[in-house]
Amino acid sequence: MQNLIRAARSAQKHAHAPYSEFPVGAALLTSTGKIFTGCNVENASFGLTICAERVAVTKAVSEGYRKFRAIAVVAPHKTLTPCGACRQFLAEFGDIEIICADSRRPGNPRNFRLSQLLPEAFGL
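These figures come from a predicted structure and were not determined experimentally.

Procedures and definitions
Sequence order sets the numbering: in each chain, residues are counted from 1 along the sequence as written. Local features in a predicted model are, by the rule used here, given only for residues with pLDDT of at least 70; side-chain atom pairs are given and counted only at 80 or more, and totals for whole chains, interfaces and linings are based on all residues. In computing side-chain properties, one takes all heavy atoms of the structure into account and sets aside hydrogens as well as water. Two strands are said to pair when DSSP picks up at least two bridges between them. Only DSSP runs of H or I reaching four residues or more are called helices, and only runs of E reaching two or more are called strands; each is numbered from the N terminus. Axis angles are defined between N-to-C directions and span 0 to 180 degrees, where every axis is a line fitted to C-alpha atoms and, for a helix, only to the segment in contact. When the sulfur atoms of two cysteines come within 2.5 Å, that pair is taken as a disulfide. Salt bridge, as applied in this entry: a Lys or Arg side-chain nitrogen positioned within 4 Å of an Asp or Glu carboxyl oxygen. When accessible area is computed with a 1.4 Å probe and restricted to protein chains, residues below 20% of their type maximum are described as buried, those above 50% as exposed, and intermediate ones as partly exposed.

Mind showing me how you'd approach the sheet that holds strand β3 (residues 68–75) here?
By definition, the strands of a sheet pair up through backbone hydrogen bonds, in either a parallel or an antiparallel sense. Taken in spatial order, the five strands of this open sheet run β2-β1-β3-β4-β5, and their pairing is mixed. Only two strands of the sheet have a single neighbouring strand rather than two, namely β2 (35–39) and β5 (105–113). If you compare each strand with its neighbour and ignore which way they point, the axes differ by 20° on average. Inspection of the sheet shows strand β4 (residues 97–102) paired to β5 by five bridges, in the antiparallel sense. Along β5, the bridge assignment pairs Ile-98 with Phe-112.

Looking at this structure, how should I read the state of the cysteines?
Disulfide: a covalent bond formed between the sulfur atoms of two cysteine residues. Under the defined criterion, the tally for this structure stands at zero disulfides. Between Cys-51, a cysteine without a disulfide, and Cys-86, which holds the nearest cysteine sulfur, the sulfur-to-sulfur distance is 3.7 Å. Cys-83 forms no disulfide, and the closest cysteine sulfur to it belongs to Cys-86, at a distance of 3.7 Å.

Got a minute to help me understand the pattern of salt bridges in this structure?
Pairing is possible between side chains of opposite charge, provided their charged atoms come close. Scanning the entire structure with this criterion turns up three salt bridges. We note a salt bridge from Arg-104 to Asp-102, for which the minimum N-O separation is 3.3 Å. Owing to a relative accessible area of 49%, Arg-104 belongs among the partly exposed residues under this scheme. On the basis of relative accessibility, which here comes to 3%, the residue Asp-102 falls in the buried class. What you see here is one network of salt bridges that share partners, running through Asp-102, Arg-104 and Arg-105.

What follows is the structure, given as structure tokens:
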């Protein structure tokens, strides 16, 4: 999964994070092996900010993909897990693997199943 982490690190460089100065990158692996990337895009109206994970998922869905195997999330200074909103957003598409890496030390990621991070996801 190092290729997924590399793709997330590359996406992180495009983050728009002028308020938090905390750029995050994500790379989503589809069931067919295609990778979609995303970065966080902040807004002065903080509620309008979109996380890197949701950018990657919306890019994939907008191109017709609905089945995902894994997502890598790269943040500065720590191995960050997806926020609650992103966890619920990802749960719409199944119990995928979550790979969390520090952009300074990407070779030591933490791996989870989404169900570990969101054991009782909302569903209709």
